[in-house]
Amino acid sequence: MDQKHTFLVLGSYESSIFGYLLSHASADSEVLKEEDPEEIDANEEEEEEEDDEKEEDDQGTPDQTVVHLDLLFKYAPHTGCVKSLAINGTTMISGSTDYQLKVYDLKQLREEATIPSYDGFISCMVYLDRINVLAGLSDGSIAAYKTEDWSIVYAMKGHKAEVLDIAVHPSKKLALSVSKDKTLRMWNLMTGKSAFTNRFEDLLTGTPGPSLVRWEPSGNHYVVSFGVKIVTFSKSGDVVRIIQAPKPVLCMEFLSEGVIAGGCEGGVVQVWNILSGEEIHHIAGLSARVKAIGHLRQADIGLECGDDDLPLVIAACSDGVVSVWRLEDGQKLGHVNTGARITTLICSTYDPSTVQKRRRKKKGEQKKEEEEEEEPEIKQEESDDDSTATSQPSSSKQKAKRPAAPSQTDRKEKKKR
């Protein structure tokens, strides 16, 4: 039975992209042996020794709960800082200050396309759906790409400075964006026009402008970060709650309905209830400021879920250390040092069996189409022997009705007569 594969991809200031396969210790060898058994067997002993050292460093974490981060690739596709990553299944895209968007196939581990960005470099990206991507640019515009050929369908203009973050509503009809012009805009994705603008005149006193925005999974609320302030808004734009963080929030991610995690300066990850403002969990003592944060379900890597069924939190620090944490007990389950200054991360899980089913389905459809194309030729052959065939062309019908030409003997007999 195929197991789910969980990818963790990180971007860095040094223009490199790191790809890791996340797995539970008991399932790690099975997943990797499907990929390349000879290579895994050759390095198995070395990896086990490294994992043992990691387990000792990870506060004595039991073997059965260790999360392995196995390097799949390290690649420098850009010539500038990697500002953003987005992933859909096994297709990943990256945006950089080198004014290029790159497309990758994570299944085949290869780069598939390079798309230039002429109006500005790509500062943030998000998949709207399987066939559309929204990209925020440094000139303040938002480009809507069609993934079929990566052409720009339309550009949404309104911001006067670099777009810092984009969040798409679960309905896929609305999107939010925040910019260096210190405004938030809501966009109608049906028309590509701005629905309203919030300049935060009451909130910006003594605080920086908005830097991050996230929709709640239900779409009933959205959250905007202003340095040490995290503000919860209703869908209509009313302030619901203001949360005071201990340090400036550099990244944030919804873990579930009403629960958000924020990575802060000083190596701290905090989890809050966005409606009550209550701090639910707290992780301290990370190696440096938390630049990027993500999460994944425990079941996706084969871990037994606790009573709360809380997801695992992935924190990437500015010194290159990436660690995986369990919120129930604040336990670090695994870590890796990339040696680079991390700027962004993306985590995604896919089931290889579903990919194979789709491929088999596509092959079946192609075969059916080929049979349908060949079908008229087969009927044409039948029509040569059977004049009642309905698919025979009109020219063959005329040939079938045409009488046979008279022979020479018949002509001589006619002359004698």
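Just so it is clear, the model here is predicted, and its values are computed rather than measured.

## Some points on the overall build of the chain
Next, step 1: Summing up its helical and strand segments, the chain has five helices and 28 strands in all.
Next, step 2: Counting all 417 residues of the chain, 48% fall into the buried class.
Next, step 3: Residue pairs in contact within the chain that sit at least 24 positions apart in sequence constitute 48% of those at least 6 positions apart.
Next, step 4: Accessible surface, the chain as shown: approximately 21,800 Å² in total, 45% of it carbon and sulfur.

## Concerning the pairing of strand E22 (residues 268-273)
The side chains of a regular strand alternate between the sheet's two faces.
Next, step 1: Counting buried residues in E22 gives five out of six residues, a clear majority hidden from the surface.
Next, step 2: Relative to E22, strand E21 (residues 259-264) is paired through six bridges, and the arrangement is antiparallel. The residue of E22 that forms the bridge with Cys 264 is Val 268.
Next, step 3: In sequence, E21 turns back onto E22 through a hairpin of three residues, with Gly 266 there showing a positive phi of about 85°.
Next, step 4: Sheet topology places E22 next to strand E23 (residues 279-283); four bridges connect them, and they run antiparallel. Bridging from a neighbouring strand, Val 269 pairs with Ile 283 of E23.
Next, step 5: Between the end of E22 and the start of E23, which pair antiparallel, lie five residues, with Gly 277 showing a positive phi angle near 80°.

## Let's talk about unusual backbone geometry
Next, step 1: Residues other than glycine seldom take positive phi values, yet Lys 172 does so here, at roughly 65°.
Next, step 2: Following the sequence through the fold, Lys 172 ends up in the loop between strand E12 (163-168) and strand E13 (174-179).
Next, step 3: Of the residues examined, Lys 172 reaches a relative accessible area of 38% and is grouped as partly exposed.
Next, step 4: For Phe 200, which is not glycine, the phi torsion reads 50° and is therefore positive.

## Thoughts on the pattern of salt bridges
Next, step 1: Per the stated rule, a full pass over the model turns up ten salt bridges.
Next, step 2: Note that Glu 111 and Lys 102 form a salt bridge whose closest N and O atoms lie 3.2 Å from each other.
Next, step 3: Classification of Glu 111 as partly exposed rests on a relative accessible area of 29%.
Next, step 4: Judged by relative accessible area, Lys 102 falls into the buried class, the value being 8%.
Next, step 5: The closest approach of N and O atoms between Asp 329 and Arg 326, which form a salt bridge, is 2.8 Å.

## A short note on the sheet that holds strand E18 (residues 229-234)
Next, step 1: Across the sheet, four strands lie side by side as E16-E17-E18-E19; this open sheet has antiparallel pairing. A strand with exactly one partner marks an edge of an open sheet, and here the two such strands are strand E16 (212-215) and strand E19 (239-244). If you compare each strand with its neighbour and ignore which way they point, the axes differ by 20° on average.
Next, step 2: Both E18 and E19 contribute to a ladder of five bridges, which runs antiparallel. Paired with Ile 230 across the strands is Ile 243, a residue of E19.

## Points about the sheet that holds strand E11 (residues 151-156)
Next, step 1: Strand order in the open sheet formed by four strands is E8-E9-E10-E11, with antiparallel pairing between adjacent strands. Sheet topology places strand E8 (122-129) and E11 at the edges, where each strand pairs with a single neighbour. Each adjacent strand pair in this sheet contributes to an overall mean axis angle of 25°, direction not counted.
Next, step 2: Strand direction decides the pairing type here: E8 and strand E9 (residues 132-137), joined by six bridges, are antiparallel. Looking at E9, one finds that Asp 129 is bridged to Asn 132.

## Here we look at the side chain of Ser 12
Next, step 1: Tracing the backbone shows Ser 12 in strand E1 (residues 5-12).
Next, step 2: Residue contacts for Ser 12: discarding those within four places in its chain leaves Phe 18, Cys 81, Val 82, Ala 340, Arg 341, Ile 342 and Thr 343.

## Details of the side chain of Thr 6
Next, step 1: Mapping Thr 6 onto the fold places it in strand E1.
Next, step 2: Side chain to side chain, Thr 6 and Thr 349 meet in a polar contact 3.0 Å long.

## Details of the pairing of strand E5 (residues 91-96)
Next, step 1: Along E5, five of the six residues are buried, which leaves the element largely enclosed by surrounding structure.
Next, step 2: Between strand E4 (residues 82-88) and E5, which pair antiparallel in sequence order, lie two residues; one of them, Gly 89, sits at a positive phi of approximately 70°.
Next, step 3: Where E5 and strand E6 (residues 100-105) come together, five bridges link them in antiparallel fashion. Residue Ile 93 lies in a different strand from E6, and its bridge partner there is Val 103.

## Overview of the environment of Ala 288
Next, step 1: Tracing the sequence through the fold places Ala 288 in the loop between E23 and strand E24 (290-296).
Next, step 2: For Ala 288, a relative accessible area of 18% puts it in the buried group.

## A closer look at the packing of aromatic side chains
Next, step 1: If you walk through the whole model with that rule in mind, you get seven aromatic pairs.
Next, step 2: Seen from their ring centres, Tyr 145 and Trp 150 are 6.3 Å apart, and the 55° between their planes marks the pair as tilted.
Next, step 3: Between Trp 215 and Tyr 222, the ring centres sit 5.3 Å apart and the planes meet at 65°, which makes this aromatic pair edge-to-face. Accessibility assignment for this pair places Trp 215 and Tyr 222 in one class, buried.
Next, step 4: Through successive ring pairs, a cluster of aromatic residues spans Phe 200, Trp 215, Tyr 222, Phe 226 and Phe 233.

Calculation criteria
- Residues numbered from 1 in each chain as written.
- Predicted model: local features only at pLDDT ≥ 70, side-chain atom pairs only at ≥ 80, totals over all residues.
- Heavy atoms only, no water.
- Helix = DSSP H or I, 4+ residues; strand = E, 2+ residues; numbered from the N terminus.
- Buried < 20%, exposed > 50% of the residue type's maximum accessible area, 1.4 Å probe, protein only.
- Contact = heavy atoms within 4.5 Å.
- Areas by Shrake-Rupley, 256 points an atom, 1.4 Å probe, with all protein chains shown as cover.
- Pairing = 2+ DSSP bridges.
- Salt bridge = Lys/Arg side-chain N within 4 Å of Asp/Glu carboxyl O.
- Axes fitted to C-alpha atoms, helices over the stretch in contact; angles between N-to-C directions.
- Polar contact = N/O pair within 3.5 Å; in protein donor to acceptor, adjacent residues only side chain to side chain.
- Phe/Tyr/Trp six-rings, centres within 6.5 Å; stacked < 30°, edge-to-face > 60°.

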